[in-house]
Amino acid sequence: MSDKFPHSPNPRLKMLIVEDGTACSIDLLYRQFRRKYQVFRAESGPAALEILAREGEVAVIICDEPTPKMSVTEFLRLTAVQYPDTSQIRLISYKEHFFEAIDAGQLCHYIAKPWNPEQLNVFVSRLVDTYTLRKARTNERRQRDESAEQARQAGFQAIRDAIPRLLGMGLSAEQVAEALSLSVEEVTENAGE
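The structure displayed is predicted, hence computed values, not measured ones.

Q: Can you walk me through the pattern of salt bridges in this structure?
A: Pairs can form between side chains of opposite charge whenever their charged atoms are close. According to the stated counting rule, one finds five salt bridges in the structure shown. D85 is the partner of K135 in a salt bridge, and the nearest nitrogen-oxygen pair spans 3.2 Å. With a gap of 50 residues between them, K135 in helix α5 (residues 117–168) and D85 in the loop between α3 (72–82) and β4 (87–92) connect regions that are remote in the sequence. For D85, a relative accessible area of 14% translates into the label buried. Three or more residues are tied together by salt bridges with common partners; here these are E57, D85 and K135.

Q: How do you make sense of the nonpolar core when you look at a structure like this?
A: Within soluble globular proteins, side chains that are nonpolar generally end up buried alongside one another. Among the nonpolar cores identified, the biggest contains 19 residues, and M15, F33, I62, I89 and V124 are the most heavily contacted of them. Among the secondary structure elements, those contributing two or more residues to this core are β1 (14–18), α1 (25–33), β3 (60–63), β4 and α5. No other element matches α5, which puts five residues into this core. Dropping the residues within four chain positions of it, F33 is found in contact with M15, V39, I62, L120, N121 and V124.

Q: Whenever I open this one, the packing of aromatic side chains confuses me. Can you help?
A: What characterises a pair of aromatic rings is the spacing of the ring centres plus the angle enclosed by the ring planes. Considering all chains together, one arrives at one aromatic pair under this definition. Here F33 and Y37 contribute two aromatic rings whose centre-to-centre distance is 6.3 Å and whose plane-to-plane angle is 50°, an arrangement assigned as tilted. According to the relative accessible area criterion, F33 is buried, its value standing at 0%. Above the plane of the ring of Y30 lies R41, whose end atom (NZ or CZ) is 3.9 Å from the centre.

Q: For this particular structure, what's the right way to read the pairing of β1?
A: Taken residue by residue, a regular strand's side chains alternate between the two faces of the sheet. Counting buried positions along β1 yields five of five residues, so the element is predominantly enclosed. Residues K14, L16 and V18 line one face of β1 and the alternating positions M15 and I17 line the opposite face, and both faces are buried. Where β1 lies against strand β2 (residues 38–42), five bridges are found, and the strand directions are parallel. The residue of β2 that forms the bridge with L16 is F40. When β1 meets β3, the two strands line up parallel, connected through four bridges. Among the inter-strand pairings, V18 is bridged to a residue of β3, identified as C63.

Q: Explanation requested: the side chain of Q88 in the structure shown.
A: For Q88, the position within the fold is in strand β4. Look at Q88 and you get buried, because its relative accessible area is 4%. A polar contact is formed between the side chain of Q88 and the backbone oxygen of L76, at a distance of 2.9 Å. For Q88, the side chain forms a polar contact with the side chain of T79, separated by 2.7 Å.

Conventions used here
Here the residue numbers are simple positions, counted from 1 along each chain's written sequence. Under the rules for a predicted model, residues below a pLDDT of 70 receive no local features and side-chain atom pairs below 80 are neither given nor counted, while totals for whole chains, interfaces and linings still include all residues. As a rule here, side-chain values come from all non-hydrogen atoms in the structure, and water together with hydrogens is ignored. We define a salt bridge as a side-chain nitrogen of Lys or Arg found within 4 Å of a carboxyl oxygen belonging to Asp or Glu. Each helix corresponds to a stretch of at least 4 residues labelled H or I by DSSP, and each strand to a stretch of at least 2 residues labelled E; elements are numbered beginning at the N terminus. The classification of residues rests on relative accessible area computed with a 1.4 Å probe and restricted to protein chains. Under 20% of the type maximum is buried, over 50% is exposed, and intermediate values are partly exposed. For our purposes a nonpolar core is just a set of buried Ala, Val, Leu, Ile, Met, Phe, Trp, Tyr and Cys residues, chained together by side-chain atoms within 4.5 Å. We call two residues in contact whenever any of their non-hydrogen atoms come within 4.5 Å of each other. In this scheme Phe, Tyr and Trp rings, the latter by its six-membered ring, pair at centre separations within 6.5 Å, and the angle between planes marks the pair as stacked below 30 degrees, edge-to-face above 60, and tilted otherwise. A ring is considered to have a charge above it if a Lys NZ or an Arg CZ atom is located within 6 Å of its centre and within 35 degrees of its normal. Strand pairing requires that DSSP identify at least two bridges connecting the strands. Whenever two N or O atoms come within 3.5 Å, that pair is a polar contact, provided that in protein one can donate a hydrogen and the other can accept it, and provided that, for residues adjacent in sequence, both atoms are side-chain atoms.

None of this, on its own, says anything about what the molecule does.
Below you can see the structure in the form of structure tokens.
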């Protein structure tokens, strides 16, 4: 197996593999990715949800079918809502599982069994790149929102600071309210009285 990845793996990125434990695919997948990512394994949907609750968001979830106690479709639907940036891969061996997922409106990626390890490496690498880009955009958006909120708060504070000065210049509360587009009540609340 080659280590050809378009990006250098980030050891902090996490992956979750969910499989019922009856097949050897969970071990194969674990061995395939353990050097590149922090890999968690679960043998059921509920166990995987517990791992996500404890460890937090992962970059990629690879889910084999079926899993006990919860359908793969239900598990992936729940995780898509809670972790919208996480990429999901569903391993399928039967057409009916594919159509079941499509009918459920799942938005995830599908890999047919048996999979080619090299192709799966490239595919996962692309999904990790997509995840990294999504997280960067989310962080940029959050920073912009925080900066805008700080500017808004600074503007409000400047207005509150101006009220006592304007009143001290002999303007009435009504004149200050009109000049600052505030109510008279807001002016008197911030007048320092």
